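# A closer look at the structure
One-letter residues, chain by chain:
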Amino acid sequence: MRVLVVGGGAREHAIAVTLARAGAEIVVASPHANPGLERIAKASVRVDVDAAQRVSDFGERQEIDYAVIGPEAALAAGASDALRDAEIPVVGPSKTAARIESSKLFCRELLAKHGVGGQPRWRAPERIEQVEATLAEFSGPVVIKPSGLTAGKGVWVQGPDFPDARPGAAYARSLLAQGQRVLIEEKLEGEEFSQMAFVTDSGIYPMPAVQDFKRALEGDQGGNTGGMGSYSQRDHLLPFLSASRRDRAIEILAQSVAALRSEGIEYRGVLYGGFMLTAQGPMLLEFNARFGDPEGVNAMTLYDEGNFDELLYGVACGRVDPTLLEFRRRATVLKYLVPPGYGDRPRPGGVLEIDEAAIEADGVHVFYGSVEPAGPAAVRLGSSRGIALIGEASAIHEAGARVEAALAHVRGEFYVRHDIGTLEDLARRREHMRQIFSPGAKPSPLPLSVAPPDAPPSSAAPDEMRV
Ligand code: AMP
Ligand code: GLY
């Protein structure tokens, strides 16, 4: 089939590669010339992804069979609606349904109205004068969020981003003064995970759980970003996530789709829940109406023996054959190479020489994001996430080690989080959850450096963390 991929990041490069491997012909609508996509595309057009009508016109001219929309900006601008008006099936919800991501207020109100569980306490002051009183309703730390899209960077968490109520109130007031709606939420404590699912008219089909690394710097320091990297575990759970808690997250996804439907809003595409695993179970931080970037790349890497083209065409048409949903039982680790200073003040323009053949020979895949070509085996970094390297193995730390080894084949100045997928980091997260479930428990006696690798599937995810 001939498929339009909308977007120009590493996520879209991975979508295109996975589709092409299944025999699809790819055409691309992207704001910049992504060297990875350009290599695969039969045709491509430079277009801002929020220019919905231009995206749809290009798809029509290219006589595509269906379209896959990567970025939220395209969904929020109505690219799916424009394509569907032209009778082209789309993997991606309508602008109305995508409000579950593009308006956090719409999302929280919808879920509250339909009694969907797993929600933190939240308030949405309407006027600047209400901010202080609203904050006073919360006894503990809070999170301040603009309701609209922020590319992962507008959310302020008390603790890492601001010390106490006063600067939080100033931030909330400044957002309201700019005409934005604001949510104030109780700050949840725990470990975050991403649970994505394909959503069709006939049901929801979960993908493996993934953990994304939101903070710019090692040890989860620095500002929030779109995601510096991610990992998945071979049993499709996570070192701190049991099957029953993962299933609860999937139940929240299903209830939310039902809530949309009961408002007369259909959903065809990918729904991605960003969850915090807390002492009370999984709590919803936000929904995204698309593949995660980078989490979608972990899921697609595990899909490569199936027919992704047939699967996505089915999603676009509202019906999938469940036997197409086979994800291999392997662990994956992805790390983004970003410009120095990314997350705060990125310094773009650096040239990276990259020996792709050597990286692929080591079993690590390369996906390009915010880069432009700079010679036969070199790219110039833009100001966002540049190159995704993803490795797989039977255990997470082994996949992480593969990516670390592959970094030797990239020359130039970049930043990468070396801690993603290390034994030390996995042990730290398990211990963090153990402390959440049993506050005051004695720290694990194991030195972190000899913490056990991922447990086999049967014992990987006890319902209660074992001490
Ligand atoms: P969001 O865009 O809503 O996912 O928020 C971005 C990031 O802010 C999340 O990935 C979390 O790290 C953090 N965050 C958002 N809401 C909360 C919350 N209620 N409690 C704690 N952290 C949060
Ligand atoms: N990795 C976070 C996102 O895709 O929004």
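Before going into details, it helps to say that this report is about the structure given with it. (Residues numbered from 1 in each chain as written. Chains lettered and ligands numbered in written order. Predicted model: local features only at pLDDT ≥ 70, side-chain atom pairs only at ≥ 80, totals over all residues. Heavy atoms only, no water.)

## Some details on the overall build of the protein chain
The condition is simple: Numbering goes from the N terminus for both helices and strands, where a helix is a DSSP run of H or I of at least four residues and a strand is a run of E of at least two. Computation of the radius of gyration draws on C-alpha atoms, with the globule rule given as 2.2 Å multiplied by the number of residues to the power 0.38. Only protein chains enter the accessibility calculation, which uses a 1.4 Å probe; a residue is then buried when its area is under 20% of its type maximum, exposed when over 50%, and partly exposed in between. Whether two residues are in contact is decided by their heavy atoms: any pair within 4.5 Å suffices. Residue exposure ignores everything except the shown protein chains as possible cover, and the areas themselves are Shrake-Rupley values with a 1.4 Å probe. His is not counted here, nor are the chain ends, while Lys and Arg score as positive and Asp and Glu score as negative. Where a charge lies is defined by one atom per residue type: Lys uses NZ, Arg uses CZ, Asp uses CG and Glu uses CD.
A tally of regular secondary structure across the protein chain gives 15 helices and 24 strands. Expected size for 467 residues packed as a compact globule is a radius of gyration near 23 Å; at 21 Å, the protein chain falls within 12% of this value. With the principal axes as the frame, the protein chain shows a C-alpha extent of 55 × 50 × 45 Å. Buried residues in the protein chain amount to 58% of all 467 residues. In the protein chain, once contacts between residues fewer than 6 apart in sequence are set aside, the share between residues at least 24 apart is 68%. Here the protein chain has roughly 18000 Å² of accessible surface; of this, 50% comes from carbon and sulfur atoms. Between the centroid of the 50 positive side chains of the protein chain and the centroid of its 62 negative side chains there is a distance of 3 Å.

## Section: the packing of aromatic side chains
Applicable threshold: In summary, the pairing rule links any two rings of Phe, Tyr or Trp, Trp by its six-membered ring, whose centres are within 6.5 Å, and it sorts them by plane angle into stacked for under 30 degrees, edge-to-face for over 60 and tilted for everything else. Cation placement over rings: the criterion is NZ of Lys or CZ of Arg within 6 Å of the ring centroid and within 35° of the ring normal.
One pass over the structure, following the stated rule, counts eight aromatic pairs. Through pairs of rings, three or more aromatic residues link up here, namely Trp156, Phe162 and Tyr171. Sitting above the plane of the Phe138 ring, Arg121 keeps its charged end 4.6 Å from the centroid.

## Overview of the sheet that holds strand S11 (residues 203-206)
Heads up, the condition is: By this definition, two strands are paired if DSSP reports at least two bridges between them. In this analysis an axis means a line fitted to C-alpha atoms, helices contributing only their contacting stretch, and an angle means the value between N-to-C directions, from 0 to 180 degrees.
If you walk across this open sheet you meet the four strands as S11-S10-S16-S17, and the pairing is antiparallel. The open sheet is flanked by S11 and strand S17 (281-288), the only strands paired with a single partner. Taking the axes of each pair of neighbouring strands and ignoring which way they run, one obtains an average angle of 35° across the sheet. Where strand S16 (residues 269-278) lies against S17, seven bridges are found, and the strand directions are antiparallel. Across the sheet, the residue bridging to Met276 is Met283, located in S17. Against the sheet, helix H15 (residues 423-437) engages strand S10 (191-200) and S16, with an angle of about 65° to S16.

## Quick word on unusual backbone geometry
Trans is the common state for peptide bonds, and a negative phi is the common state for residues other than glycine. Here the amide bond leading from Asp293 into Pro294 is cis, since omega sits at 20°, within 30 degrees of zero. Tracing the backbone through its elements, the reader meets Pro294 in the loop between S17 and helix H11 (295-302). Of note, Glu87 is a non-glycine position whose phi angle comes to about 65°, a positive value. Mapping Glu87 onto the fold places it in the loop between helix H5 (79-85) and strand S5 (90-91).

## Points about the pattern of salt bridges
We apply this condition: In what follows, salt bridge is the name for a side-chain nitrogen of Lys or Arg lying within 4 Å of a carboxyl oxygen of Asp or Glu.
Going through the model one piece at a time under the given rule, you end up with 34 salt bridges. Between Arg39 and Glu356 there is a salt bridge, with its nearest N and O atoms 3.1 Å apart. Of the two residues, Arg39 sits in helix H2 (residues 35-40) while Glu356 sits in helix H13 (residues 356-361), which places them 317 residues apart along the sequence. Accessibility expressed as a relative area gives 53% for Arg39, which makes it exposed. A salt bridge links Glu101 to Arg290; its shortest N-O distance comes to 3.0 Å. Linking Glu101 in helix H6 (residues 99-102) with Arg290 in the loop between S17 and H11, this pair joins segments that are 189 residues apart in sequence. On the basis of relative accessible area, Glu101 is assigned to the buried category, the value being 6%. Here the residues in one salt-bridge network are Glu191, Asp220, Arg417, Asp419, Asp425, Arg428 and Arg429, joined through shared partners.

## Considerations on the site of ligand 2
Heads up, the rule is: One heavy atom suffices: a residue is near a molecule or strand as soon as one of its heavy atoms comes within 4 Å of it. In protein, a polar contact requires one atom able to donate a hydrogen and another able to accept it; more generally it is a pair of N or O atoms within 3.5 Å, and residues adjacent in sequence count only if both atoms are side-chain atoms.
Taken together, Asp212, Gly226, Tyr272, Asn288, Arg290, Gly292, Asp293, Pro294 and Glu295 make up all the residues around ligand 2. Within the contact set of ligand 2, an oxygen atom lies 2.9 Å away from a backbone nitrogen or oxygen of Asp293. Within the contact set of ligand 2, a nitrogen atom lies 2.8 Å away from a side-chain nitrogen or oxygen of Glu295. Burial of ligand 2 by the surrounding chains reaches 90%, relative to a free accessible area of 200 Å².

## Comments concerning the environment of Val45
Note that Val45 resides in strand S3 (residues 43-46). Among residues more than four places away in sequence, those in contact with Val45 are Val28, Ala29, Ser30 and Phe58.

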